[in-house]
Amino acid sequence: MNFRWCYQNKVKPEALEIPLFLIMKIDKSYDKNLHILCISTKDGRSIKLGFTNEIQHEYNIFSIIHSYAFPQTIISRFALKHKVEGQEDGWNLYDPHIECKRLGINVNSSSCNWKFLDNSNWEYCDTYPETIIVPKALSKFQIRNCAGFRKKNRLPALVWSSPHKGTSLWRASQPKAGIRTSRCLEDENYLRVIAEASPKEPLLYIFDARPYINAQAQRVLGGGVENKFNYELTELQHLSICNIHAVRESWQTLMVTGNSVPGSKYFSTVEKSSWIEYLATLLSGASSIVEGLMSGVNCLVHCSDGWDRTTQLCSIAEILLDSHYRTVRGFCQLVEKEWVQFGHQFDVRLGNANSNTNDENRSPIFLQFLDCVYQLTQQFPTHFEFNSQLLEDISYFAYSGRFGTFMCNSQKERHNLNLQARSTSVWTHVLDNLDRYMSPYYQVGQEDLITPCCSSKILTVWKEVFLKWSSEFYYSGGEFNSADQHKEVLMKSANEGMNLFKTIISQKEKEIQNLKKQLDELQGYEFPDNS
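Read on for a plain summary of the structure. Quantities reported herein were computed from a predicted structural model and do not represent experimental measurements.

The rules we used
- Residues numbered from 1 in each chain as written.
- Predicted model: local features only at pLDDT ≥ 70, side-chain atom pairs only at ≥ 80, totals over all residues.
- Heavy atoms only, no water.
- Pairing = 2+ DSSP bridges.
- Helix = DSSP H or I, 4+ residues; strand = E, 2+ residues; numbered from the N terminus.
- Axes fitted to C-alpha atoms, helices over the stretch in contact; angles between N-to-C directions.
- Contact = heavy atoms within 4.5 Å.
- Buried < 20%, exposed > 50% of the residue type's maximum accessible area, 1.4 Å probe, protein only.
- 1 Å grid on protein atoms, 1.4 Å probe; cavity = no way out; pocket = protein on both sides within 12 Å on 5 of 7 lines; lining within 4 Å.
- Points joined across faces, edges and corners; volume = space filled by probe spheres on them.
- Nonpolar A, V, L, I, M, F, W, Y, C, P; charged D, E, K, R; others polar.
- Parallel < 35°, antiparallel > 145°, perpendicular 65-115°, else oblique.
- Phe/Tyr/Trp six-rings, centres within 6.5 Å; stacked < 30°, edge-to-face > 60°.
- Lys NZ or Arg CZ within 6 Å of the ring centre and 35° of its normal.
- Expected span 1.5 Å × (residues − 1).
- Polar contact = N/O pair within 3.5 Å; in protein donor to acceptor, adjacent residues only side chain to side chain.
- Salt bridge = Lys/Arg side-chain N within 4 Å of Asp/Glu carboxyl O.

Quick notes on the sheet that holds strand β4 (residues 34–41)
Right, on to step 1. With respect to topology, three strands assemble into an open sheet ordered β3-β4-β5, the strand pairing being antiparallel. Strands with a single pairing partner mark the edges of an open sheet, and in this sheet they are β3 (23–31) and β5 (46–52). On average, each strand axis in the sheet is tilted by 20 degrees relative to the strand beside it, whichever way the strands run.
Right, on to step 2. Sheet topology note: the β3/β4 ladder contains eight bridges and is antiparallel.

As for the sheet that holds strand β10 (residues 204–208)
Right, on to step 1. Pairing is mixed in the open sheet, where five strands are placed in the order β8-β9-β12-β10-β11. Of all the strands in the sheet, just β8 (157–161) and β11 (234–238) have a single pairing partner and so form its edges. Adjacent strand axes in the sheet meet at a mean angle of 25 degrees when their direction is disregarded.
Right, on to step 2. In terms of strand pairing, β10 meets strand β12 (residues 298–302) through five bridges, oriented parallel. Residue pairing across strands places Phe207 opposite Val301, the latter belonging to β12.
Right, on to step 3. Its contacts with the sheet place helix α5 (residues 185–196) against β9 (168–172), β10 and β12, and it is angled at close to 120 degrees to β10.
Right, on to step 4. Set on the sheet, helix α9 (residues 275–294) makes contact with β8, β9, β10, β11 and β12; between it and β12 the angle comes to about 155 degrees.

Overview of the environment of Ile450
Right, on to step 1. Topologically, Ile450 is positioned in the loop between α18 (434–437) and α19 (463–466).
Right, on to step 2. Overall, the relative accessible area of 2% leaves Ile450 in the buried class.
Right, on to step 3. A C-alpha to C-alpha distance of 25 Å links Ile450 and Ala157, two positions 293 residues apart in sequence.
Right, on to step 4. Setting aside residues no more than four positions away along its own chain, Ile450 makes contact with Ile319, Leu320, Arg326, Phe380, His383 and Phe384.

Digging into empty space enclosed by the protein
Right, on to step 1. In total, this model carries two cavities of 30 Å³ or more according to the counting rule given.
Right, on to step 2. Quantified by volume, the largest cavity comes out at close to 130 Å³.
Right, on to step 3. Considering the residues around the largest cavity, the lining is formed by 15 residues, among which Tyr94, Pro96, Ile133, Leu158 and Lys337 are closest to the centre.
Right, on to step 4. Residues of the lining of the largest cavity, tallied by class, amount to 11 nonpolar, two polar and two charged.
Right, on to step 5. Approximately 60 Å³ is the volume attributed to the second largest cavity.
Right, on to step 6. As for the second largest cavity, its lining consists of 13 residues, of which Ala177, Ser182, Asn227, Asn230 and Tyr231 are closest to the centre.
Right, on to step 7. Classifying every residue of the lining of the second largest cavity gives six nonpolar, four polar and three charged.

Description of the packing of helix α4 (residues 140–148) against α5
Right, on to step 1. Contact geometry for α4 and α5: axes closest at 8 Å, N-to-C directions at 105 degrees. Taken together, the axis directions place α4 and α5 in an arrangement best described as roughly perpendicular. Facing α4, whose interface residues are Phe141, Gln142, Ile143, Asn145 and Cys146, α5 presents Glu186, Asp187, Asn189 and Tyr190.
Right, on to step 2. A breakdown of the residues in the contact of α4 with α5 according to their chemical character gives four nonpolar, three polar and two charged.

So, the environment of Gln378
Right, on to step 1. Topologically, Gln378 is positioned in helix α13 (residues 365–379).
Right, on to step 2. Spatially, the C-alpha atoms of Gln378 and Thr460 are 9.1 Å apart, while their sequence positions differ by 82 residues.

Overview of the packing of aromatic side chains
Right, on to step 1. Following the criterion strictly, the structure yields 19 aromatic pairs and no others.
Right, on to step 2. With 6.4 Å between their ring centres and 75 degrees between their planes, Tyr205 and Phe207 make a pair best called edge-to-face.
Right, on to step 3. Where Phe406 meets Trp427, the ring centres are 6.4 Å apart and the plane angle is 80 degrees; that geometry is what we call edge-to-face. Of the two residues, Phe406 sits in the loop between α14 (388–400) and α15 (411–417) while Trp427 sits in helix α17 (residues 426–432), which places them 21 residues apart along the sequence.
Right, on to step 4. For Phe406, a relative accessible area of 2% corresponds to the buried category.
Right, on to step 5. Taking the relative accessible area as the measure of exposure, Trp427 reaches 0% and is therefore buried.
Right, on to step 6. Ring-pair connections join several aromatic residues into one group, and the members of that group are Phe331, Trp339, Phe346, Phe366, Phe369, Phe384, Phe386, Phe406 and Trp427.
Right, on to step 7. Arg45 extends its terminal NZ or CZ atom over the ring of Trp469, reaching a point 3.9 Å from the ring centre.
Right, on to step 8. The ring of Tyr325 carries the charged tip of Arg102 above its face, separated from the ring centre by 5.2 Å.

What to know about α14
The periodicity of an α-helix, 3.6 residues per turn, causes residues three or four places apart in sequence to face the same way.
Right, on to step 1. Helix length check: α14 (13 residues) gives 18 Å between terminal C-alpha atoms against 18 Å at 1.5 Å per residue, within 8%.
Right, on to step 2. Judged by how many residues are buried, α14 sits mostly within the fold: 11 of 13 residues are covered.
Right, on to step 3. At the N-terminal end of α14, a side-chain oxygen is found 3.1 Å from the backbone nitrogen of Gln389, two or three residues along, and the residue is Asn387.
Right, on to step 4. Just downstream of α14, Gly401 is the residue with a positive phi angle, here 80 degrees.

A closer look at the side chain of Asp208
Right, on to step 1. Within the secondary structure, Asp208 is located in strand β10.
Right, on to step 2. For Asp208, a relative accessible area of 0% translates into the label buried.
Right, on to step 3. Side-chain polar atoms of Asp208 contact the side chain of Arg210, separated by 2.7 Å.
Right, on to step 4. Leave out the neighbours within four places in its chain, and Asp208 touches Ala215, Val225, Leu236, Gln237, His238, Leu239, His302 and Cys303.

Some details on the pattern of salt bridges
Right, on to step 1. Per the stated rule, a full pass over the model turns up 20 salt bridges.
Right, on to step 2. Two residues, Glu88 and Arg329, come together in a salt bridge whose shortest N-O distance is 2.7 Å. Of this pair, Glu88 sits in the loop between α2 (61–69) and α3 (96–102) while Arg329 sits in helix α11 (residues 328–341), and the two are 241 residues apart along the sequence.
Right, on to step 3. For Glu88, a relative accessible area of 29% translates into the label partly exposed.
Right, on to step 4. A salt bridge links Glu338 to Arg171, with the shortest nitrogen-to-oxygen separation between them at 2.6 Å. Of this pair, Glu338 sits in helix α11 while Arg171 sits in strand β9, and the two are 167 residues apart along the sequence.
Right, on to step 5. Taking the relative accessible area as the measure of exposure, Arg171 reaches 0% and is therefore buried.

Quick look at the structure:
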């Protein structure tokens, strides 16, 4: 098989295991009689290994590792050679029709403003799901023209609706306004229909994830923003979230440099990276979207292409709004919907099978989102059914190449490769290992909206990810590796004790019921006269 590379020597018996897809860069050099391999991984490790000339000559280690880490064809990847069955097929976890029913959307009702649009042949958008939700009042011709006016044809699509307030959340890409502020009447009408469906008043909040200057600069490239004079009943707000390049540089500073600097310089490295600041901006932006929806106004979110910052903002907003997405199953469905099916470019952003470390399209956008969710679990531990281990594992699985879920850049590409039949969904694995991911702090019934603190003073470094390979992160001895692990074990022990107590009480209640039944029977029994 070609999943991971294991290395073990006589000096250090513990085996070193690296999933081959986790390798970001591998170089070779020579030192006297040794062949030196310098390996950099996507999770922040820098490893240097030496081999004798005889071993290198016999096994050609560099070429073998390089060929498996960066396969030339997609069909050579491990995920396509490793199909595992589980109790539940994760590929079927998310169903848009079932999700709509849960959200109170009945497209068959005459009072419903929305309808399903069949995109199974990808005639409207080749990076969208096979089924999308659009305004019922618009014809296919109008929808097609609207899609043509949006970058990559990523037309506005409904992704969430409040069963109680009736407000709806939409996502799209930027309009093709350009320098001349081009217009598309179908696109303007499309947004007007969404605005008129707002419960409070005819209004649509448009949240552009980009800074104002960046959005205006996109006009030179044929993009831009909605002109308020052309788009009636809309209000535009810029959330000033940084682009993929800034996120990549921030990650490199925190992940790579942070693991190597001495402890006295670590906090200055964190500040220099701006990673925490970027998390705060994302959480604040999502909170603004939630505020708009809670006020009774429909909201549209977009950035440039609509598959990075847009995905982050919509996902976080839905977690804040909807307790279902704070359960294990609900969170998996959310990632499948917003990230997988709505076309986040996993292959491109994760650098899958890409040996070009200078590729500027690489960026840990998905990891940044998971970090935001981690921050929420720290602020609201009783509101999340899952623990941070789920987030850590999903991050690891995304980079490792073990599952088909994070392969390719769109649902169309996965469909063309028939990944559902040829690979395993990551959700199959997650649902088969629920005990590993259940939080001991979770309290059932916490269905209220959560409003996070978005200050950089409150947010923390996700140590299990960014300091995982730093020796200073772990305890020098003892049973537990970290304080968080200690607390979680204590909570699990307390829960086990409580469950045992409940079991004993239940047994005693059954015994009391049996005794009462026997007593009732005895009261009606006539004892024989022995006199």
